[in-house]
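Structure at a glance
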Amino acid sequence: MSMSIYKFHYAILLKFFSFTFVSTSLKILVVRFSSIGDIVLTSPVLRILKSQKNIEVHFLTKTEYALIVENNPYIDKIHVINNSVAEVKDQLFKEKFDYIIDLHNNLRSQLLRSLKVPIKRYSKSNFKKFLYMFFGINLLNNKHVVDRYVDVLSFLNLKNDDKGLDYFIPEGSLVDYDVKQKYIAWCIGASKIQKQLSTSQIATIANKLDLPIILLGGKEQKEHGDKIIQISNKAIILNLCGEVSINQSAYLIKHSQYLFTNDTGLMHIAAAFQKKIISFWGCTKPDLGFYPYIEESKSLMIVSKNSKRQCSKHGGSCKFSDDGCVKMIDAEKILKRIKGFISK
């Protein structure tokens, strides 16, 4: 056998063992501090890192959001902070990470530079968002934030596996409710009041739907839910706002027929379960890349027509109404579109 053939075989073996070594030895810290929906949207990155290259995956988040990922089998270790990365700097330094993948990319995450580890950051496209919000120039191309997260993995030659989002419900998250029946889960809350449908809109729609309805949200939505029941003629509405945990809400969503929702984290949990989602948009707009990450046939997005542009960065202020332009969408028109979607 000639020397050139020996060299050829050697090169193949060297490449094989080098790839094997790299793919099983890397340790990577993925960073997303908040909030519920944004953390759920990181789940494809975690799965791809673990399943495609068997990387040791660590996750850094805020303490109150650790429960979102605590049952994720693609994470080897979770690190938490209350306010600052400085709280866990020594702990993270001892881990000797090969890379940090920063999917938050804010002032807080800039402190990760002190670890002296190569950092790959997700681009928030803030300038493009600014152009769209204030001048109507849309350069975002409707690209979903999940795909922008996954783009960060290109340095590892990893690509989207197109398996959607993940959400893993811990054991013991059951709710005393007959989930075998058909019902609608309706998330009536949102991070900003301007992003929420009004009591009268929800009651008007609920009155003319045939399925039982479970209202979901935090403690601050409890009174809102009670008012919906009070002014509604529909007998089968159950208000569980403030009475169930996030994981119990996820359990109810998983077994529901549909999720009706404002622009919320529960919307993304529903997408992880491939549920049919009807979402309502006003001060925030889906084309900034945070729409339900599911196939189009499973999603109905009802968007205020006051403006094609987002009113404010996080939907906390509205250009058309102090209460939010989502409340200006006619309830009967919403109902007509819902019935058309459900009848398919």
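Residues numbered from 1 in each chain as written. Predicted model: local features only at pLDDT ≥ 70, side-chain atom pairs only at ≥ 80, totals over all residues. Heavy atoms only, no water.

What follows is about the overall build of the protein. Scanning the protein from terminus to terminus reveals 11 helices and 11 strands. Counting only C-alpha atoms, the protein reaches 85 × 50 × 45 Å along its principal axes. Evaluated residue by residue, the protein yields a buried proportion of 52% over its 344 residues. Considering only residue pairs separated by 6 or more positions, the protein has 65% of its internal contacts joining residues 24 or more positions apart. Surface summary for the protein: the accessible area is close to 17100 Å², and the carbon and sulfur share equals 53%. Within the protein, one finds 49 positive and 31 negative side-chain charges whose respective centroids are separated by 7 Å. (Helix = DSSP H or I, 4+ residues; strand = E, 2+ residues; numbered from the N terminus. Buried < 20%, exposed > 50% of the residue type's maximum accessible area, 1.4 Å probe, protein only. Contact = heavy atoms within 4.5 Å. Areas by Shrake-Rupley, 256 points an atom, 1.4 Å probe, with all protein chains shown as cover. Lys, Arg positive; Asp, Glu negative; His and termini not counted. Charge placed at Lys NZ, Arg CZ, Asp CG, Glu CD.)

Relative to the elements of secondary structure, leucine 288 occurs in the loop between β10 (276-281) and β11 (299-303). As for leucine 288 and glutamine 310, which are separated by 22 residues in sequence, their C-alpha atoms are 8.3 Å apart. Residues within four places of leucine 288 in sequence aside, it is in contact with Lys129, Tyr132, Leu140, Arg148 and Gln310.

This paragraph deals with the nonpolar core. Ranked by internal contacts, the top residues of the largest apolar core, which has 56 residues, are Val30, Leu49, Leu216 and Leu252. The greatest single-element share of this core, amounting to six residues, is contributed by helix α10 (residues 265-272). Leave out the neighbours within four places in its chain, and leucine 252 touches Val175, Tyr177, Val179, Tyr183, Ile214, Leu216 and Leu240. In this structure, Ile228, Cys241, Ile278 and Ile338 belong to the second largest nonpolar core, which totals 27 residues. (Core = buried A, V, L, I, M, F, W, Y, C linked by side-chain atoms within 4.5 Å.)

In space, the five strands of this open sheet follow the order β3-β2-β1-β4-β5, with parallel pairing throughout. Across the chains shown, the open sheet's two edge strands, defined by having one partner strand only, are β3 (77-81) and β5 (119-121). Pairs of neighbouring strands in the sheet enclose a mean axial angle of 20°, with direction left out of account. Sheet analysis places strand β4 (residues 99-102) next to β5, joined by three bridges and oriented parallel. Note on β5: the bridge partner recorded for isoleucine 101 is lysine 120. Where helix α3 (residues 43-53) meets the sheet, it contacts β1 (27-31), β2 (56-62) and β4, and its direction lies at approximately 160° from that of β2. (Pairing = 2+ DSSP bridges. Axes fitted to C-alpha atoms, helices over the stretch in contact; angles between N-to-C directions.)

Taken N-terminus to C-terminus, the directions of helix α7 (residues 199-207) and helix α8 (residues 222-231) make an angle of 45°; their axes are 9 Å apart at the nearest point. On the basis of the axis angle, α7 is oblique to α8. Judged by the sense of rotation from one axis to the other, the crossing of α7 with α8 is right-handed. For the pair α7 and α8, the contacting residues are Thr199, Ser200, Ile202 and Ala203 in the first and His224, Lys227, Ile228 and Ile231 in the second. Across the contact of α7 with α8, the residue classes break down as four nonpolar, three polar and one charged. (Parallel < 35°, antiparallel > 145°, perpendicular 65-115°, else oblique. Left-handed = near helix turned anticlockwise from the far one by under 90°. Nonpolar A, V, L, I, M, F, W, Y, C, P; charged D, E, K, R; others polar.)

Another aspect to go through is the sheet that holds β10. Paired through backbone hydrogen bonds, the strands of a sheet run either parallel or antiparallel to each other. With respect to topology, six strands assemble into an open sheet ordered β8-β7-β6-β9-β10-β11, the strand pairing being parallel. With partners counted over all chains shown, the strands left at the sheet margins are β8 (237-239) and β11, one partner each. Geometrically, the sheet is characterised by an average inter-axis angle of 15° between neighbouring strands, direction not taken into account. Note: β10 against β11, five bridges, orientation parallel. Bridging across to β11, phenylalanine 280 finds its partner in isoleucine 302.

Purely geometric numbers; function is a separate question.
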